[in-house]
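# Summary of the model geometry
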Amino acid sequence: MKVVTSAHELPSGCAFVPTMGALHAGHASLFTIAKKVHTNVVASIFVNPLQFEKQEDLDKYPRTPIEDIDLAANSGVTHLWLPHYSEIYPEGFSTIKAGPIANLYEGKSRPGHFDGVVTVVRRLFDLVKPNFAVFGEKDFQQLILIEEIAQGIEIVRAPIIREADGLAMSSRNVRLTPEGRSTAAVISRALSLAKSESELREMLSSEPQLTLDYADFIDEETFQPAQRDSTSVRAIVAGWINSVRLIDNMRMEARA
Ligand code: AMP
């Protein structure tokens with residue numbers, strides 16, 4: 001694996017996996033999927049200040065550069081790109097706005113977040129010019145908004161990788177206390193068991209350590225509340241445990 005700091009050192013065709021580092025098995029699964037569609041797998045690590053609404057959250061974002069290089073090298077990454085801020089955001093750079101779905105759910109709770117996400121992803125795409133880009137369903141709303149700005153780059157969806165107790169892997173999980181960490185499994189448990197939105201909310205509300213932001217059944221295509229005749233329904237959840245924001249989602253097949 002080559003570690004590079006400039007996009008000029010990247011190959012001309014590739015499958016691309018953008019990340020913010022603190023890599024875990026969820027990221028590794030994206031690298032493995034990327035390897036299946038292209039021999040060149042480019043991963044980037046860039047903690048994008050534009051998508052953090054609070055300076056404190058940006059400062060607290062975990063950074064594990066040494067371990068990241070090991071994990072990437074062992075998971076099929078051929079080029080690990082560690083760009084400098086000025087390569088991504090040269091003086092006078094312009095931002096872009098995410099589509100209307102960006103005003104709902106994650107975007108409602110984190111104003112400006114998705115504009116920051118699509119701005120960095122568009123910029124990364126322009127520099128890397130990948131054939132494919134792999135994104136996790138863990139950040140389902142982000143995935144939908146990126147599909148809208150893909151402009152011919154094939155977006156590959158990757159399933160959510162979970163811990164043994166079901167908690168969706170996330171770089172932020174290390175900030176949970178041991179007690180918070182064991183409580184956090186309630187989210188995926190509720191997603192697996194609930195047959196309706198009200199059941200989902202009831203299960204999540206019964207956990208005092210979890211401050212729920214939203215728990216909704218939505219139509220995957222529109223991000224509007226699911227209707228009786230919606231063919232693809234997804235339950236989406238966000239909340240805080242120990243002030244750490246946790247998100248998760250699951251496709252809802254017909255449950256009786
Ligand atoms: P991040 O480093 O958190 O910005 O995530 C980089 C990519 O990894 C995004 O496409 C995420 O959706 C994806 N990702 C993060 N956690 C997981 C997970 N547990 N399972 C699958 N994909 C994930």
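For the structure itself, look to the data block above.
Definitions and limits used
- Residues numbered from 1 in each chain as written.
- Predicted model: local features only at pLDDT ≥ 70, side-chain atom pairs only at ≥ 80, totals over all residues.
- Heavy atoms only, no water.
- Patch = residues over 30% accessible without salt bridge, like charges linked within 9 Å, V, L, I, M, F, W, Y side chains within 5 Å.
- Areas by Shrake-Rupley, 256 points an atom, 1.4 Å probe, with all protein chains shown as cover.
- Salt bridge = Lys/Arg side-chain N within 4 Å of Asp/Glu carboxyl O.
- Helix = DSSP H or I, 4+ residues; strand = E, 2+ residues; numbered from the N terminus.
- Buried < 20%, exposed > 50% of the residue type's maximum accessible area, 1.4 Å probe, protein only.
- Contact = heavy atoms within 4.5 Å.
- Pairing = 2+ DSSP bridges.

So, about a nonpolar patch on the surface. Taken together, M1, V3 and I69 make up a surface patch of nonpolar side chains, about 230 Å² in accessible area. Among the secondary structure elements, I69 is positioned in helix α3 (residues 65-73).

We now examine helix α7 (residues 140-148). Where burial is concerned, most of α7 is hidden: 7 out of the 9 residues are buried. Within α7, the full set of buried residues consists of F140, Q141, Q142, L143, I144, L145 and I146. Where α7 is buried, its residues meet α5 (105-109), α6 (113-128), β5 (132-136), β6 (154-158), β8 (233-241) and β9 (244-252).

Let us now look at the pattern of salt bridges. Scanning all chains against the criterion turns up 16 salt bridges. Put simply, D126 and R122 hold a salt bridge, and the shortest N to O gap is 3.1 Å. A residue pair is termed a helical-turn pair when its members lie 3 or 4 positions apart in one helix, as D126 and R122 do in helix α6 at 4 residues. Of the residues examined, D126 reaches a relative accessible area of 38% and is grouped as partly exposed. With a closest N to O distance of 2.8 Å, D165 and R181 form a salt bridge. Of this pair, D165 sits in the loop between β6 and α8 (178-183) while R181 sits in helix α8, and the two are 16 residues apart along the sequence. Using a relative accessible area of 35% as the deciding quantity, one classes D165 as partly exposed. Here the residues in one salt-bridge network are E137, E220, R234 and R251, joined through shared partners.

The next thing to look at is the pairing of β8. Burial within β8 is extensive, with 8 of its 9 residues counted as buried. In this sheet, β8 lies alongside strand β7 (residues 211-219) in antiparallel orientation, the contact comprising 8 bridges. The residue bridging T211 from the neighbouring strand is W240, located in β8. When β8 meets β9, the two strands line up antiparallel, connected through 9 bridges. Directly across from W240, in β9, lies its bridge partner R245. Between the end of β8 and the start of β9, which pair antiparallel, lie 2 residues, with N242 showing a positive phi angle near 50°.

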